[in-house]
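Given next are the chains, with one letter for each unit.
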Amino acid sequence: MKSLLFVIVAALVLVVSVSAQTSLSLWPYYVEVTPERADGQLYDFAVPLPVMDKARADLADLRLFDSNNREIPYAIRVRRELDEKREIPARLFNHGSAGPSTSEVSVDLAENPGEHNEIEIETDGTNFRRQVVIEGSDSGREWRMLSNDGVIFSFASQNNVAESQKVSYPTSRYRYLRVKVSRDPMTDDETPQVTGVKVLMVVREKGWLSTWDVPVPSYQLQRNQGAHATVWTLDLGGRVPCDRLSIEIAEDSFSRPFQVESIDDPQNVRLLASGDLTRHSGEEKKPLVIYFNEETVVRKLRLQITDYSNPTLNITTIDASAPARQLVFELKGPVAEPLRLFFGNE
């Protein structure tokens, strides 16, 4: 992660740099910010909500200065949850044994395979728990250990199957991998054979949300295709990114159709989400989360719940959220504080 952030910072220096002589009067707004040390000389902070309201949607107008008006280059990370996979073409060769109870196979990823960090291993048999060793090599002759504590398993009971064929290892660029699979001494009578291998680059990153309270307004009674409905007009406090609402409802049980629309432009109302809000009797009263079809920059939302002949639901709190915009920068030495984030230059 550290090297990735350095690359991001370096790549964006030319994009965000502004001459020290640039007049800051071109930026009508600024806020003082307090960064946190992320790693080594890297610092970060979440872009505040009022900044996103007045800044450009892509945040390209942000400028960071210390109190001596020295500009600090930065990068912006949108902290969305990531779960991405890329398969690297692989050729298996040298099927063989590495002892009386271990089979092995070598994998050729060809020249310049890029980064990889996970392997999926198919073996014969069922109901097993097998130890896996993964080694890497640039030449196919000298090998280095990548993982010596991997485990794959498969257990079946009636119609249920629990299995895992994946073994992760530190991100690598090795062209060659060597996979060793040992038999399960409890269930395997023979050494298992490796029948297939997939090599992957997997990126998993937990998201980080910016969340803020939305005042619960008075509602209006309307009709939706002839049925009784209740409408709340929500004000997010500014035109900001949003991709979900979290709603607390007082009632114990209900099931009602809903829809959420963007109404910033009354001539161009856009549907952001629709579905059913449901809670069964006896369930814990957790907030209900409405996920939008996609993130949008919006200030005014219309939440409509169709009640039919039921009384209006009692909404007690509403929160809005979006993946945080994190500003990341490098400080190699002492800096004159406070830092100021300028914005609003269209």
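Residues numbered from 1 in each chain as written. Predicted model: local features only at pLDDT ≥ 70, side-chain atom pairs only at ≥ 80, totals over all residues. Heavy atoms only, no water.

A. How the structure looks around the nonpolar core. Grouped together as the largest cluster of nonpolar side chains are 46 residues, with contacts concentrated most on L62, L64 and F329. Top contributing element to this core by residue count: strand 18 (residues 227-249), with 8 residues. Setting aside its immediate chain neighbours within four residues, L62 contacts V47, V51, A55, Y74, I76, L327, L341, F342 and F343. Among the nonpolar cores identified, the runner-up in size contains 21 residues, and I88, I152, V194 and V199 belong to it. (Core = buried A, V, L, I, M, F, W, Y, C linked by side-chain atoms within 4.5 Å. Buried < 20%, exposed > 50% of the residue type's maximum accessible area, 1.4 Å probe, protein only. Helix = DSSP H or I, 4+ residues; strand = E, 2+ residues; numbered from the N terminus. Contact = heavy atoms within 4.5 Å.)

B. Up close: the sheet that holds strand 15 (residues 194-205). Read across the open sheet, the 4 strands follow the order 6-15-9-13; overall the sheet is antiparallel. What marks the edges here is a single partner per strand, and that holds for strand 6 (82-88) and strand 13 (166-172). Along the sheet, successive strands turn relative to each other by an average axial angle of 30°, direction set aside. (Pairing = 2+ DSSP bridges. Axes fitted to C-alpha atoms, helices over the stretch in contact; angles between N-to-C directions.)

C. Quick look at the pairing of strand 3 (residues 42-46). Most of strand 3 sits inside the fold, with 4 of its 5 residues counted as buried. Of the strand pairs in this sheet, strand 2 (residues 36-39) and strand 3 are connected by 3 bridges, and their pairing is antiparallel. Bridge pairing links D39 to L42 in strand 3. Connecting the antiparallel pair strand 2 and strand 3 is a turn made up of 2 residues, with G40 showing a positive phi of about 60°.

D. Region of interest: the packing of aromatic side chains. Applying the stated rule across the entire model yields 8 aromatic pairs. On the basis of an interplanar angle of 15° and a centroid distance of 6.2 Å, the ring pair of Y43 and F329 is categorised as stacked. Pair noted here: Y43 is in strand 3 and F329 is in strand 23 (residues 325-330), with a separation of 286 residues, a long-range link. In this pair, the class of Y43 matches that of F329, namely buried. Ring pairs connect the aromatic residues Y30, F65 and F342, which therefore count as one cluster. The residue whose ring lies beneath R130 is F128, and the NZ or CZ to ring-centre distance is 3.6 Å. (Phe/Tyr/Trp six-rings, centres within 6.5 Å; stacked < 30°, edge-to-face > 60°. Lys NZ or Arg CZ within 6 Å of the ring centre and 35° of its normal.)

E. Region of the structure containing the sheet that holds strand 23. Across the sheet, which stays open at both edges, the 4 strands sit in the order 2-3-23-5 with antiparallel pairing between neighbours. Sheet topology places strand 2 and strand 5 (74-78) at the edges, where each strand pairs with a single neighbour. Strand-to-strand twist of the sheet, defined as the mean angle between neighbouring strand axes without regard to direction, takes the value 35°. Of the strand pairs in this sheet, strand 3 and strand 23 are connected by 5 bridges, and their pairing is antiparallel. What sits directly across from L42, in strand 23, is E330.

F. Main features of the side chain of R244. Of note, R244 is situated in strand 18. Engagement of the side chain of R244 in a polar contact is seen with the side chain of D243, the distance being 3.0 Å. (Polar contact = N/O pair within 3.5 Å; in protein donor to acceptor, adjacent residues only side chain to side chain.)

G. Examining the side chain of D44 more closely. With respect to the helices, strands and loops of the structure, D44 is situated in strand 3. As a buried residue without a salt bridge, D44 has its nearest oppositely charged side chain in R79, at a separation of 6.1 Å. Within the structure, the side chain of D44 is placed 3.2 Å from the side chain of Q326, a separation counted as a polar contact. Once residues lying within four places of it in the same chain are set aside, the contact partners of D44 are P35, E36, A38, Q326, L327, V328 and F329. (Lys, Arg positive; Asp, Glu negative; His and termini not counted. Salt bridge = Lys/Arg side-chain N within 4 Å of Asp/Glu carboxyl O.)

H. Structural detail: the environment of S147. Turning to its location among the elements, S147 is positioned in strand 11 (residues 144-157). Expressed as a C-alpha distance, the spacing of S147 and Y169, which sit 22 residues apart in the sequence, is 5.7 Å. Only 3.4 Å separates the side chain of S147 from the side chain of D149, close enough to count as a polar contact.

I. Expanded view of the pattern of salt bridges. The final tally for this structure, using the stated rule, is 20 salt bridges. Across the salt bridge formed by R244 and D243, the nearest N and O atoms sit 3.0 Å from each other. The shortest N-O distance in the salt bridge between K285 and D252 comes to 2.9 Å. You can see K285 sitting in the loop between strand 20 (270-279) and strand 21 (288-306) and its partner D252 sitting in the loop between strand 18 and strand 19 (254-262), a full 33 residues away along the chain. The network of salt bridges with shared partners includes R77, R79 and E205.

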